[in-house]
Amino acid sequence: MVNCRCGLLTLKQEPVPLKSVEVEVEVRDHVATVVSTLNYENQEDNPLEAVFVFPLPGDAAVCHFSAKIGQTEIVAEVKEKQKAREEYDDALSSGQQAFLLEESEQSPDIFSLSVGCLPPKESASIRLEYVTELAVQADDGLRFCLPAVLNPRYQPQGSGDQGGSNIQMTSIPASKVPYSLSFCARVSSPRPVVKIESNCSLDPLQYLNTEQTQATTKLAAGHKFDRDVEVLIYYKDAHQPTAVVEAGEASAKPGTLMGDPAVMLSLYPEFPQSVMSSVASCGEFVCLLDRSGSMGVQLNNSENHQSRIGSARDTLLLLLKSLPLGCYFNIYSFGSSYEHIFPKSVEYSQKTMEEALKKVGEMEANLAGTEILRPLQHIYSQPCIQNQPRQLFVFTDGEVGNTKEVIDLVKKNSHLHRCFSFGIGEGASSALINGLAKEGGGHAQFITGTDRMQPKVMQSLRYALQPAVIDVSVSWDLPKDMSVSVLSPPITALFQGQRSLVYAQLSGQIPEAAEGSVTVKYTLAGQPSQNQFNFSLRPAEDSGLTVHRLAARALIRSLEMENRESKDQQDESVKKKVVELSVQSGVSSAFTAFVAVNKGDGEAIQGPLVQRNVPTAKMLFAVTQSLQIAYNSFSAAPKGGRSFFLKGMFSTKSRKKRSVERSQVSTTKKSEKSGVAYTEQCLSFDSEDMCESTGLRQRDPLLQLVSLQKASGCWDLAPDLAAAVGKTSEEVEKQKPASVSQEVWATILSLIWLHGFKMDSKDEWELLAMKAVSWLRAQNVSCVEECVDAGNALLGCKVQKDVLGL
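Overview of the structure. Bear in mind that the values here come from a model prediction, so they are computed numbers and not experimental data. (Residues numbered from 1 in each chain as written. Predicted model: local features only at pLDDT ≥ 70, side-chain atom pairs only at ≥ 80, totals over all residues. Heavy atoms only, no water.)

1. A closer look at the overall build of the chain
Short version of the rule: Helix numbering and strand numbering both begin at the N terminus, where a helix is a DSSP run of H or I of at least 4 residues and a strand a DSSP run of E of at least 2. Here's how the labels work: a residue is buried when its accessible area is under 20% of the maximum for its type, exposed when over 50%, partly exposed in between, all with a 1.4 Å probe on protein chains only. A contact between two residues is defined here by any heavy atoms of the two lying within 4.5 Å. We get accessible surface area from the Shrake-Rupley algorithm with a probe of 1.4 Å; when it comes to residues, only the shown protein chains can shield them.
Helices and strands together make up the secondary structure of the chain, namely 17 helices and 39 strands. Within the chain, the fraction of its 806 residues that count as buried is 59%. At a minimum sequence separation of 6, the contacts of the chain that also span at least 24 residues come to 76%. Accessible surface, the chain: about 33,400 Å² in total, of which carbon and sulfur atoms supply 48%.

Below, the structure is given as structure tokens:
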């Protein structure tokens, strides 16, 4: 019998060998190198195998894995996945210590770490290193995210899971995570570091030099694992085109990726202001809203207990009010099934807008699971509308198991649309959200911590209303006897102020003090345009192999997708290329794994091997009675139904049976009626965790005003409008100039109120205000100045006519 009183305990009173996680981040300009140290200690009387399933950024290049036991350090090698698993199993069967790190076969942002044969009373430190690019945010900040929350991923029926997996994710409420996290970051850049912000409590920023180009900070003690650690870094004059040339690895063979120099280009195209100031008056805008049970969870920033689905409803209100007349739209929602407001996209009008808003207001998080693939397939099956470019907006908390399948579908249909994706809440899959936008030629946004969803969605709507950039090409001008091999996928989307990254391998002799140039050509609003960037070919100092590893990661991801797209689902030639590149570069892939074996003195570790699943934080959510009914119906589904954990992500179907004795520690049960597998904790709902008050929530005055705007852009003079601007109907009527219509007066009054009281939310209402101004101009109002003066007098503002755009 294992003594469960020693060490840390799970909710099931099982010892947890993982004691602490230490993370060190070094940010150089817009690239981060992350070193995580996981400290294990076996306080039990038998040798342990600890299995830890955890999240990483979806675009991370994992490039180092090692273990230290006592004074002995073992550096893992990258090997073909099945060979690595067999080597790990052989070691455990022989009583040797072994370590295995592998990427999920379904989603590149999930990893499994197995620490095998840790002797009683022994400690081990696992070092994991990866590099990643930092995404550019709407406010020009660079976003680094350390995932700390891993919610169970919903695995739909028929999504490619072949079963046979015996590695499952064990998750517990965030407040119950039994190990600690320490986090520190060091930032350096050619430009001054203006500030560093976070959704978590950080110690004060410390500058390391007088130029303020280097700074450090760390996470305040007591992180509760109730959110991912998000850090926003702001540089002065940050987003200028840059190039980093990195020398090849001295020990690598010339002509290979690791042996030749590599270059990373960060391009920021500048578009003509005349084009950027115009807003399209056409397009088919399709919204796809997640209504799974987890969308009922409360947002961290919500002072009035608003849920994810509640914020999404408010956001759809703003989005619908901001659409231009003449466009088409539709709204889909999904869970275990999917629904649509209209059978097909309809023209945007007052009638269709009101119908859509009524149904949006009734939407709840009551559609159970997260099956996003089927509604996407249905949307793509609908014929496109002539001269109405399709723009797809996807809102989800990202708890999807079949990530690669979903992304592949979006890429297959990328010629038909642009996809804008929004990851809502803690634990949203970065692989899914970034993958949807990247393959769909759109833009990704994450809403976490104190973020509001509305401004981020409205920024993406501005991108969608901009003319699409087409016919993008990149040409290189290099010195004689030099050549270039581009490793990144072709650029398919360009947006004002957004970065495009290009990785390339350079061949040939680089002359002293040589320069190269890159020209990006594209067509915008029917006009051919180009941007040129000159850069030095001199290799950067002390950059290590960061660029090479990121370049290898970019090429590996492209080859993996090529393998999935091939008619033969297991294209062995492409798979072989991926394995060779992964082994050569030391960067993980879907077909390889890191494995390390401590052969030591050759003596086998004695005793039965006990398995312990290290739990990961998950966010609790509660359900209404209707959702419980949905789950009850679901649990009685036919055999072969859906599962709620990472089944199939780390398939071990062909692994050899181990000769060592295991204590089976599993959270998986089967329904006696159906045989459906489910995670016990995922389907446990506690009334104390209800996230949104059942009472009526006081409406935000801004949203109240916005809800009254007509599709044309104007407002009616009504009691509700007077209440929204804080006045009585009598006061509003009395102040109205006699020569103007009620609609003109109400519209000007609304614009004054927005500019006078809601300038801090301008990102949210700017597009609908532009529509209102366009409507006013079409009315040919002769006494605008009189109306503005009267409105200012009524509301106590000093807004100028020019500021309103009139």
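2. What to know about the pairing of strand β31 (residues 500–507)
Rules: We call two strands paired when DSSP finds no fewer than two bridges between them.
Taking burial as the measure, the 8 residues of β31 include 8 buried ones, the bulk of the element. The alternating pattern of β31 places S500, V502, A504 and L506 on one face and L501, Y503, Q505 and S507 on the opposite face, and all of these are buried. Across 6 bridges, strand β21 (residues 262–267) lies against β31 in antiparallel orientation. Bridge assignment links M264 to a residue of β31, and that residue is Y503.

3. Examining the sheet that holds strand β30 (residues 483–486)
How we decide: All axes here are fitted lines through C-alpha atoms, helices being fitted over the stretch that makes contact, and every angle between N-to-C directions spans 0 to 180 degrees.
If you walk across this open sheet you meet the 4 strands as β20-β21-β31-β30, and the pairing is antiparallel. For this open sheet the edge positions go to β20 (242–246) and β30, each flanked by a neighbour on one side alone. Across the sheet, the mean angle from the axis of one strand to that of its neighbour is 25 degrees, orientation sign disregarded. Of the pairings in the sheet, the one linking β20 to β21 comprises 5 bridges and is antiparallel in character. Of the residues in β21, the one forming a bridge with E246 is A262. Together, β20, β21 and β31 form the strand contacts of helix α9 (residues 546–565), whose direction differs from that of β21 by roughly 75 degrees.

4. Side note on the pattern of salt bridges
This is how it is decided: One side-chain nitrogen of Lys or Arg within 4 Å of one carboxyl oxygen of Asp or Glu is enough to make a salt bridge.
One pass over the structure, following the stated rule, counts 26 salt bridges. For E197, the salt bridge goes to K195, with nearest N and O atoms at 3.1 Å. Assessed through its relative accessible area of 33%, E197 is described here as partly exposed. Under the relative-accessibility criterion, K195 is labelled partly exposed at 35%. Its salt-bridge partner being R291, residue E339 comes within 3.0 Å of it at the nearest N-O pair. On the criterion of sequence distance, the pair formed by E339 in strand β24 (residues 338–340) and R291 in the loop between β22 (284–290) and α3 (308–322) is long-range, its members being 48 residues apart. Exposure remark for R291: the relative accessible area of 6% places this residue in the buried category. Several salt bridges share partner residues, and in doing so they unite R85, E102 and E105 into one network.

5. Comments concerning the packing of aromatic side chains
Quick note on the threshold: Put simply, two rings from Phe, Tyr or Trp (the six-membered ring, in Trp's case) pair if the centres are within 6.5 Å, and we call them stacked under 30 degrees between planes, edge-to-face over 60, tilted for the rest.
The tally for this structure, following the rule as stated, stands at 16 aromatic pairs. Ring centres of F54 and F111 lie 6.4 Å apart, and the angle between their planes is 25 degrees; on these two criteria the pair is classed as stacked. With F54 in strand β5 (residues 48–55) and F111 in strand β10 (residues 110–118), this pair connects stretches of sequence that are 57 residues apart. For F54, a relative accessible area of 7% corresponds to the buried category. Owing to a relative accessible area of 2%, F111 belongs among the buried residues under this scheme. Here the aromatic rings of W476 and F535 are separated by 6.4 Å at their centres, their planes lie at 90 degrees, and the arrangement is edge-to-face.

6. Quick word on the packing of helix α6 (residues 403–412) against α9
The line we're drawing: Any angle that is under 35 degrees is reported as roughly parallel, and any over 145 degrees as roughly antiparallel; angles of 65 to 115 degrees are reported as roughly perpendicular and all others as oblique. Under the scheme applied, nonpolar residues are Ala, Val, Leu, Ile, Met, Phe, Trp, Tyr, Cys and Pro; charged residues are Asp, Glu, Lys and Arg; polar residues are all the others, including Gly.
α9 packs onto α6 with a crossing angle of 85 degrees between their chain directions and a minimal axis gap of 11 Å. What the angle tells us is that α6 and α9 run roughly perpendicular. Counting all contacts with α6, which are made through K404, I407, D408 and K411, the residues of α9 involved are M561, R564 and E565. Taken together, the residues of the contact of α6 with α9 break down into 2 nonpolar, no polar and 5 charged.

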